[in-house]
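# Per-entry structural report
Here's the letter readout for the chains.
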Amino acid sequence: MLQDVSLLDWLGAGLYLFVAMMCGAAWRVSVQQGVSVPHGRAWSLMALFFCLLIASRLLGLEDTLRDVMRDLLRSQGAYEARSVWQLPAVIALFTIAVCALGLIVRQGLRATPGTDNSDANRMLMTAQLAAFAMLLLVGLRTISLHSVDAMLYSGPIRLNWILDIGASLLVAGCAVRFAVIVAGKQSGCR
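Bear in mind that the values here come from a model prediction, so they are computed numbers and not experimental data.

## Thoughts on the pattern of salt bridges
Overall, the coordinates contain seven salt bridges when judged by the stated rule. With its nearest N and O atoms 3.8 Å apart, the salt bridge here joins Asp9 to Arg57. A residue pair is termed long-range when its members are at least 10 positions apart, and Asp9 in helix α1 (residues 7-32) and Arg57 in helix α2 (residues 37-59) qualify at 48 residues. Overall, the relative accessible area of 22% leaves Asp9 in the partly exposed class.

## Section: the state of the cysteines
By the definition in use, this model includes zero disulfides. You can see Cys51 has no disulfide; the closest cysteine sulfur is in Cys23, sitting 9.2 Å from it. Residue Cys51 is classed as partly exposed on the basis of its relative accessible area of 39%.

## Quick look at the environment of Cys23
Note on placement: Cys23 falls in helix α1. Considered as a pair, Cys23 and Trp43 are 20 residues apart in the sequence and their alpha carbons are 5.3 Å apart.

## Thoughts on the nonpolar core
The biggest cluster of nonpolar side chains holds 36 residues, and the ones touching the most others in it are Trp43, Met46, Phe50 and Val171. Looking at this core, the elements with two or more residues in it are α1, α2, α5 (118-143) and α7 (159-187). Aside from chain neighbours lying at most four places away, what touches Val171 is Val19, Cys23, Trp43, Met46, Phe50, Ala127, Ala130 and Ala131. Formed by 13 residues, the second largest nonpolar core is a distinct cluster that contains Ala100, Phe132, Leu137 and Val148.

## Some points on α2
The terminal C-alpha atoms of α2, which comprises 23 residues, lie 33 Å apart, in line with the 33 Å expected from a rise of 1.5 Å per residue. Every buried residue of α2 is listed here: His39, Gly40, Ala42, Trp43, Met46, Ala47, Phe49, Phe50, Leu53, Ile54, Ser56 and Leu58.

## Notes on the environment of Gly40
Mapped onto the elements of the fold, Gly40 is located in helix α2. Classification of Gly40 as buried rests on a relative accessible area of 7%. Not counting residues up to four positions away in its chain, the partners in contact with Gly40 are Trp27 and Ser30.

## Considering the packing of aromatic side chains
This model, assessed by the stated rule, comprises three aromatic pairs. On the numbers, 5.2 Å between centres and 50 degrees between planes, the contact of Trp43 with Phe178 is tilted. In this pair, Trp43 is assigned in helix α2 and Phe178 in helix α7, connecting sequence segments 135 residues apart. Phe178 shares its class with Trp43; the two are buried. An aromatic cluster is built from Tyr16, Phe49 and Phe50, whose rings are joined through pairwise contacts.

## Quick notes on the side chain of Ser144
Structurally, Ser144 is set in the loop between α5 and α6 (146-153). If we skip the residues at most four places from it in the chain, Ser144 touches Arg66, Arg70, Gln86 and Asp149.

## A closer look at the packing of α2 against α5
Running from N to C, α2 and α5 cross one another at 30 degrees; their axes reach a closest spacing of 11 Å. Our classification of the angle between α2 and α5 gives roughly parallel. α5 is crossed by α2, and the crossing has left-handed handedness. Contact residues: His39, Ala42, Trp43, Met46, Phe49, Phe50 and Leu53 in α2; Asn121, Met123, Leu124, Ala127, Gln128, Ala131, Met134, Leu135 and Val138 in α5. Its residues assigned to classes, the contact of α2 with α5 comprises 13 nonpolar, three polar and no charged.

## Looking at the environment of Met69
Structurally, Met69 is set in helix α3 (residues 61-75). Judged by relative accessible area, Met69 falls into the partly exposed class, the value being 25%. Not counting residues up to four positions away in its chain, the partners in contact with Met69 are Trp85 and Thr142.

So, how was this worked out
- Residues numbered from 1 in each chain as written.
- Predicted model: local features only at pLDDT ≥ 70, side-chain atom pairs only at ≥ 80, totals over all residues.
- Heavy atoms only, no water.
- Salt bridge = Lys/Arg side-chain N within 4 Å of Asp/Glu carboxyl O.
- Helix = DSSP H or I, 4+ residues; strand = E, 2+ residues; numbered from the N terminus.
- Buried < 20%, exposed > 50% of the residue type's maximum accessible area, 1.4 Å probe, protein only.
- Disulfide = S-S within 2.5 Å.
- Core = buried A, V, L, I, M, F, W, Y, C linked by side-chain atoms within 4.5 Å.
- Contact = heavy atoms within 4.5 Å.
- Expected span 1.5 Å × (residues − 1).
- Phe/Tyr/Trp six-rings, centres within 6.5 Å; stacked < 30°, edge-to-face > 60°.
- Axes fitted to C-alpha atoms, helices over the stretch in contact; angles between N-to-C directions.
- Parallel < 35°, antiparallel > 145°, perpendicular 65-115°, else oblique.
- Left-handed = near helix turned anticlockwise from the far one by under 90°.
- Nonpolar A, V, L, I, M, F, W, Y, C, P; charged D, E, K, R; others polar.

This is the structure we're talking about:
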């Protein structure tokens, strides 16, 4: 399968590796500095998520899953009516996303501004929101509703690329900033 990997797939996997490494660094700093366990767990889970994205990109897992679903629908004679289940799946995905985003924001806002970890909490919350946006994007690409695909893949600069690269870089940037904040607070400088 790796012989079919395009240059864009390799570049995407490289970006995901960079993000996973930055999340790993944020996890390491949180452990070294004795920051709360949920912070470290969140950064390690985001690192794992981006490692899974690497595997998905290089092994073509998204495409394979989408093709399997299409073949299954074709074999059952339901391919032409696939929008009957795709639209509710997209609506369900967005409903789950709204609920999960609410939980992430609620958790991130628990820190009162001015407390020791409020800046670090904001970086973690922003990274979690961006990682969740990546998960939502993967879900939308896998469901492959025609009207959504048209938005994601049209034009010379595709919305899919903007969302994918932007969310990934936002997670990496937040991880770096989190590590700087936590290391700076523990050393007494800011």
